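# Coordinates in review
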Amino acid sequence: MARLIVYYAHPGHKHSHVNRHMARAAAGVEGITFVDLYRDYPRLDIDIVVEQTRLLEHDVILFEFPMFWYSTPSIIKEWEDLVLEHGFAYGADGDKLAGKQMLLAVTAAGPEDAYTQKGYQHYPIRTFLTPLEQTARLCKMHFTAPYVLYSSLTAPVTGFVEPHVAGYVRLLEAIRDDRYDFEAASTIDVVGFDSLPVRTGY
Ligand SMILES: Cc1cc2nc3c(=O)[nH]c(=O)nc-3n(C[C@H](O)[C@H](O)[C@H](O)COP(=O)(O)O)c2cc1C
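Computed from a prediction, not measured in an experiment: that's the story for all the values here.

Each value, and the rule that gives it
Per chain, residues are indexed from 1 in the order of the written sequence. Residues qualify for local features only when their pLDDT is at least 70, as the model is predicted, and side-chain atom pairs are given and counted only at 80 or more; totals for whole chains, interfaces and linings, by contrast, use all residues. Side-chain numbers come from the whole structure's heavy atoms, not from hydrogens or water. For Phe, Tyr and Trp, rings pair up if their centres lie within 6.5 Å, where Trp contributes its six-membered ring, and each pair is then called stacked (planes under 30 degrees apart), edge-to-face (over 60) or tilted (otherwise). Here a helix means four or more residues in a row that DSSP labels H or I, a strand means two or more in a row labelled E, and each is numbered from the N terminus. In this scheme, a residue with accessible area under 20% of its type's maximum is buried, one over 50% is exposed, and one in between is partly exposed, where area comes from a 1.4 Å probe on protein chains only. Only the stretch in contact is used when fitting a helix axis, every axis being a line fitted to C-alpha atoms; angles between N-to-C directions are given from 0 to 180 degrees. Crossing handedness: left-handed means the near helix sits turned counterclockwise from the far one by under a right angle, and right-handed means the same turn made clockwise. The contact criterion used throughout is that any non-hydrogen atoms of two residues lie within 4.5 Å. We call Asp, Glu, Lys and Arg charged. Ala, Val, Leu, Ile, Met, Phe, Trp, Tyr, Cys and Pro are nonpolar, and the rest, Gly among them, are polar. Residue types Ala, Val, Leu, Ile, Met, Phe, Trp, Tyr and Cys, when buried and joined through side-chain atoms within 4.5 Å, form a set referred to as a nonpolar core. Whether a residue is near a molecule or strand is decided by its heavy atoms; if any one of them lies within 4 Å of it, the residue is near. Side-chain atoms alone can form a polar contact between residues adjacent in sequence; in general such a contact is a pair of N or O atoms within 3.5 Å, and within protein one must be able to donate a hydrogen while the other accepts it. Note that accessible areas follow from Shrake-Rupley with a 1.4 Å probe, and for residues the cover is restricted to the protein chains shown. Any two strands with at least two DSSP bridges between them are considered paired. Any Lys or Arg side-chain nitrogen located within 4 Å of an Asp or Glu carboxyl oxygen qualifies as a salt bridge. Throughout, the term roughly parallel applies to angles under 35 degrees, roughly antiparallel to angles over 145, roughly perpendicular to angles from 65 to 115, and oblique to all others.

With that settled, the discussion passes to the packing of aromatic side chains. Per the counting criterion, the structure on display carries twelve aromatic pairs. A centroid spacing of 6.1 Å and a plane angle of 5° characterise the contact between Tyr147 and Tyr168, whose relative ring orientation is stacked. One end of the pair, Tyr147, is in strand E6 (residues 147–149); the other, Tyr168, is in helix H8 (residues 161–176), with 21 residues separating them in the sequence. In this pair, the class of Tyr147 matches that of Tyr168, namely buried. Both rings, one in Phe160 and one in Phe193, keep their centres 5.9 Å apart while their planes meet at 35°; by these two values the pair is tilted.

So, on to the packing of helix H1 (residues 19–27) against H8. Packing of H1 against H8 leaves a shortest axis separation of 9 Å and a crossing angle of 30°. Remark: the crossing between H1 and H8 carries right-handed chirality. Contacts between H1 and H8 involve His21, Met22, Ala25 and Ala26 on the former and, on the latter, Val161, His164, Val165, Tyr168, Val169 and Leu172. A class-by-class count of the residues in the contact of H1 with H8 yields eight nonpolar, two polar and no charged.

For the rest of this paragraph, the subject is the nonpolar core. Among soluble globular proteins, nonpolar side chains are generally buried collectively. Counting 36 residues, the largest nonpolar core has Tyr7, Leu37, Leu55, Phe63, Phe65, Trp79 and Leu104 as its most contacted members. Listed by contribution, the elements that provide at least two residues to this core are strand E1 (4–8), helix H2 (37–40), strand E3 (60–66), helix H4 (74–83), strand E4 (101–107), helix H5 (125–128) and helix H6 (130–138). With four residues, H4 is the largest single contributor of residues to this core. Not counting residues within four places of it along the chain, the set of residues in contact with Tyr7 comprises Val35, Leu37, Glu51, Arg54, Leu55, Ile61, Leu62, Phe63, Glu64 and Trp79. Counting 29 residues, the second largest nonpolar core, distinct from the first, contains Leu4, Tyr147, Leu172 and Leu196.

So, about the site of the ligand. Around the ligand, the structure places 17 residues, and the nearest of them are His10, Ser16, His17, Thr107 and Tyr115. Note that an oxygen atom of the ligand is positioned 3.2 Å from one of the backbone N or O atoms of Val18. Ser152 places a polar side-chain atom, nitrogen or oxygen, 2.8 Å from an oxygen atom of the ligand. Calculation on the ligand without its partners gives an accessible area of 630 Å², and the protein chains cover 79% of this total. Here the residues of the shell around the ligand are counted per class, giving ten nonpolar, seven polar and no charged.

With that out of the way, let us pick up the pairing of E4. Taking burial as the measure, the seven residues of E4 include seven buried ones, the bulk of the element. Burial along E4 is two-sided: the residues Gln101, Leu103, Ala105 and Thr107 and Met102, Leu104 and Val106 are all buried. One ladder, built from seven bridges, connects E3 with E4; its direction is parallel. The residue of E4 that forms the bridge with Ile61 is Met102.

Let us look at the pattern of salt bridges. Across all of its chains, the model carries eleven salt bridges by this definition. In this structure, the salt-bridge partner of Arg39 is Asp40, at a minimum N-O distance of 3.8 Å. The class for Arg39 is exposed, based on a relative accessible area of 57%. What emerges from the salt-bridge pattern is a single network uniting Arg39, Asp40, Glu51 and Arg54.

Axis separation between helix H3 (residues 48–56) and H4 bottoms out at 10 Å; the angle between their running directions is 90°. In terms of orientation, H3 and H4 fall into the roughly perpendicular class. For the pair H3 and H4, the contacting residues are Ile48, Glu51, Gln52 and Leu55 in the first and Trp79, Leu82 and Val83 in the second. Here the residues of the contact of H3 with H4 sort into five nonpolar, one polar and one charged.

Okay, here's the thing in structure tokens:
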């Protein structure tokens, strides 16, 4: 079994229509670790020792967040700045994260066709996530296709919240049970609830 930790970051948790349900479902998945960053660190006073210990104890590090200004909510950046120290995550002897997987679960209000060269967001969503991708690479971690929900604000009326949450649970359980095909996921840009590279059995 893979040791999976989910870091959830949403400063407006109470007003969320998608991530709140994803987070509640994730917290209920047995055999994984769930951390609500804004609940644990409302003043952003991240405990570096606690977080580095958590990282050492897990194989797959997943960040769940709504896209905010083409990036993450700020607590994830603060977490990176403090926790991914030289000599721990990168640099000389900084190999403590080598071989681990970094995964993102992202919701975006923009529709899928907006995240294209001709769309109003001008770039694919992966372009906006490259700082995290390269951070993973510098820390000798693997980075695979993010689990994405586009058009997140209309998802409650279009009926996409439920399948997205169910897909999230499938994803987390598959990772935990070593049924998630990371190799296949590393060859695609994004995954959704209807395109998860999950192996059904052995
Ligand atoms: C401060 C802020 C910045 C946002 N920036 C973006 C953005 O850059 N791209 C985008 O597609 N949606 C953006 N959104 C929309 C959020 O991604 C959207 O509200 C969220 O995915 C909905 O999920 P939730 O119901 O769980 O909050 C932004 C929302 C806020 C509040």
